[in-house]
Amino acid sequence: MTKPPARVPQRSNARSNRERILATARRELGRNPDITLEELARASGVVRRTLFGHFPGREALLEALAEEASEALRAALPADPAPSGAGVESAERSYARFVLSMWTVGDRYRLLLALARRDLGVERVTEILSPARSAATTILDRGQRDGVFHTQLPAAVLSAGLEAMSIALLEEVNSGELEDDGTHAAVASLIAAGVPEKQARVVVDEVAPGREVGPAGDVASAGEAVADD
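Parameters and conventions
Residues numbered from 1 in each chain as written. Predicted model: local features only at pLDDT ≥ 70, side-chain atom pairs only at ≥ 80, totals over all residues. Heavy atoms only, no water. Helix = DSSP H or I, 4+ residues; strand = E, 2+ residues; numbered from the N terminus. Buried < 20%, exposed > 50% of the residue type's maximum accessible area, 1.4 Å probe, protein only. Contact = heavy atoms within 4.5 Å. Core = buried A, V, L, I, M, F, W, Y, C linked by side-chain atoms within 4.5 Å. Salt bridge = Lys/Arg side-chain N within 4 Å of Asp/Glu carboxyl O. Axes fitted to C-alpha atoms, helices over the stretch in contact; angles between N-to-C directions. Parallel < 35°, antiparallel > 145°, perpendicular 65-115°, else oblique. Left-handed = near helix turned anticlockwise from the far one by under 90°. Nonpolar A, V, L, I, M, F, W, Y, C, P; charged D, E, K, R; others polar. Phe/Tyr/Trp six-rings, centres within 6.5 Å; stacked < 30°, edge-to-face > 60°.

(A) Quick peek at the overall build of the chain. Check the secondary structure of the chain and you find eleven helices and two strands. Burial analysis of the chain (229 residues in total) assigns 40% to the buried set. Restricting the contact set of the chain to residue pairs at least 6 apart, pairs at least 24 apart contribute 64%.

(B) Layout of the nonpolar core. Core analysis: the biggest nonpolar cluster contains 60 residues, and Leu61, Tyr95, Phe98, Leu112 and Leu190 have the highest contact counts within it. Of all the elements, helix α4 (residues 58-76) adds the most residues to this core, at nine residues. Excluding residues within four positions of it along the chain, Tyr95 makes contact with Ala136, Ile139, Leu140, Phe149, Leu162, Ser189 and Leu190.

(C) Just the pattern of salt bridges, in detail. Scanning the model with the defined rule gives 14 salt bridges in all. The shortest N-O distance in the salt bridge between Glu89 and Arg97 comes to 2.6 Å. Residue Arg97 is classed as partly exposed on the basis of its relative accessible area, which comes to 33%. Salt-bridge contacts for Glu127 lead to Arg124; the nearest nitrogen and oxygen are separated by 3.4 Å. In this pair, Glu127 and Arg124 are both assigned in helix α7 (residues 122-146), three residues apart and thus about one turn of the helix distant.

(D) Spatial organisation of the packing of α4 against α7. Where α4 contacts α7, the two axes come as close as 9 Å, and the packing angle between them is 20°. Of the possible angle classes, the one that applies to α4 and α7 is roughly parallel. Both α4 and α7 take part in a crossing whose hand is right-handed. Residues Glu63, Ala66, Glu67, Ser70 and Leu73 of α4 pack against Arg124, Ile128 and Leu129 of α7. Grouping the constituent residues of the contact of α4 with α7 by class yields four nonpolar, one polar and three charged.

(E) Region of the structure containing the packing of aromatic side chains. Summed over all chains, the structure comprises two aromatic pairs. With centroids separated by 5.7 Å and ring planes inclined at 25°, the aromatic side chains of Tyr95 and Phe98 adopt a geometry described as stacked. Within this pair, Tyr95 and its partner Phe98 are both found in helix α5 (residues 91-103), separated by three residues, close to a single helical turn. Taken as a pair, Tyr95 and Phe98 share a single burial class, namely buried. We classify Tyr95 as buried; its relative accessible area is 3%. One aromatic cluster is present, built from ring pairs that chain together Tyr95, Phe98 and Phe149.

Quick look at the structure:
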């Protein structure tokens, strides 16, 4: 009996198209929340029928983006933001790691907030961001109790303010006004939380593998730092 033709290449092509559409949507919706699906199809390099085959409408596309963002944020979160016992990492280091981890999925974070009110709804976005916000608040609360972060604001309020600053910095990166791999944002966040500037740079330098935060806030790779000596 003749075997039916393999469908793997078609499935692979469909997955590739879907991933390309989602990646394009993240980029273009971040620039223009009013972009149409037809415009997204052209930007993705697919025909309108292909896009609608994966996403029947704007709501389906946005929900797919929301779920993708949710998975990425969960994967980037620290395993335990409130560890206890001997040898526990300092709250300063934990928060620096948190900011650097969130920076890697910053485009999704920023997009969710941009689409929150009009498209996804505040409740849906809050649901997605809740684990990240809870982790940040837990680390900040621990740092306040340990005396390394200021206590001028409750931990939850401080967390919200630092989140807003990080989103603003992501916007500047998106517009081309700032180049940052997350290290500048991490240093700025620690300073805003009450860590002295010099200490903030040292902490970020310690937790950012292969990166060195210079005395003027500039960031160089370890190899570049050695070459300059």
